Amino acid sequence: MSVFGRKSSRAEDRFEAWLKRMHQERVLSGETEPAGPCPDEAFLRGVARRAKTIPLSDPRIDHAANCANCLNRILAMRQDIRAERRKLAFGVAAACLVVIAGVAGWSRYEMHHRQTMASVAPVSATVDLWNTGTYRGEQPGELQSVLLPSAPVRLTIILPRFSSPGQYLVAVTRDQSGNGVIAEGLASATASNGQERVSLDLDLRSAKTGSYFLSTTHEQDQAAYYYPLHIEDRTSK
Ligand SMILES: [Zn+2]
């Protein structure tokens, strides 16, 4: 607040600062005559800290304002206090930044983790080829509504009757010639209940809704068998 009233303009602030400086110069050069003895260090520190417990009517304030020694002490203390406050403010700001960075990092990790979990958790699906033709050259029977989602799929294929044990290459392709591979993987057949099965993860996220082919190729046979397949992209509606 200004001595000129509630509203203080920049010119008034400058004038006040000038008055203060002129007064300080006079005091520090010993032109003023302070009344009474110098107050103790604790009092001067209180003045430097602008302690509200010290009333402006206190005669020691009048003394300090006109004593070169006291004013010098107060100015030095004020400088220390300002440096301390700057350090403290810097420390608090740094601590805040660390906390903000930590929170941001954690939430980003959390979000990424959740997205990854949501997008990667595979959908289990079983395709039963048991009753489809196994003889080379024979058209495979139409699959009964084999529908896979456009998602990571944990696929179990029950291989056609009389299938050989061993390793199989499983692929999802655009056409019946093996072009436009959407996903593929190798899996070893395991026998259970007299049926050969292969299980593998196929990532079908890149497939749009439409007709595809599921192919199986035995490692020693090299002939691929194709089965019609429908993929549904449930995310785009
Ligand atoms: Zn003094």
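Residues numbered from 1 in each chain as written. Predicted model: local features only at pLDDT ≥ 70, side-chain atom pairs only at ≥ 80, totals over all residues. Heavy atoms only, no water.

Colleague: Please explain the coordination of the zinc ion as it appears in this structure.
Modeller: Six octahedral donors at a metal ideally form angles of 90 or 180 degrees, and four tetrahedral donors ideally form angles of 109.5 degrees. Those donors, Cys38 (SG), His63 (NE2), Cys67 (SG) and Cys70 (SG), are the protein atoms that reach the zinc ion, and they lie 2.0 to 2.3 Å from it. Classification of the site at the zinc ion as tetrahedral follows from its four donor atoms and the range of 104 to 116° in their angles at the metal. In the primary sequence, the donor residues of the zinc ion line up as C-x24-H-x3-C-x2-C. Here histidine 63 lies in helix 3 (residues 59-66) and cysteine 38 lies in the loop between helix 1 (10-28) and helix 2 (41-48), a separation of 25 residues in the sequence. A relative accessible area of 46% places cysteine 38 in the partly exposed class. Of the residues examined, histidine 63 reaches a relative accessible area of 4% and is grouped as buried. (Donors = N, O, S within 2.8 Å, 3.2 Å for Na, K, Ca; no water. Tetrahedral: all angles 85-135°; square planar, octahedral: opposite > 155°, others 65-115°. Helix = DSSP H or I, 4+ residues; strand = E, 2+ residues; numbered from the N terminus. Buried < 20%, exposed > 50% of the residue type's maximum accessible area, 1.4 Å probe, protein only.)

Colleague: Would you mind going over the pairing of strand 9 (residues 224-232) with me for this structure?
Modeller: Across a regular strand the side chains alternate sides, sitting on one face of the sheet and then on the other. By the bridge criterion, three bridges tie strand 2 (residues 147-149) to strand 9 in an arrangement that is parallel. Residue leucine 147 lies in a different strand from strand 9, and its bridge partner there is histidine 230. Bridge count between strand 8 (residues 210-218) and strand 9: eight bridges; the pairing is antiparallel. The partner of tyrosine 212 across the bridge, within strand 9, is leucine 229. Linking strand 8 back to strand 9 in an antiparallel pair, the connection comprises five residues, with glutamine 222 at a positive phi of about 70°. (Pairing = 2+ DSSP bridges.)

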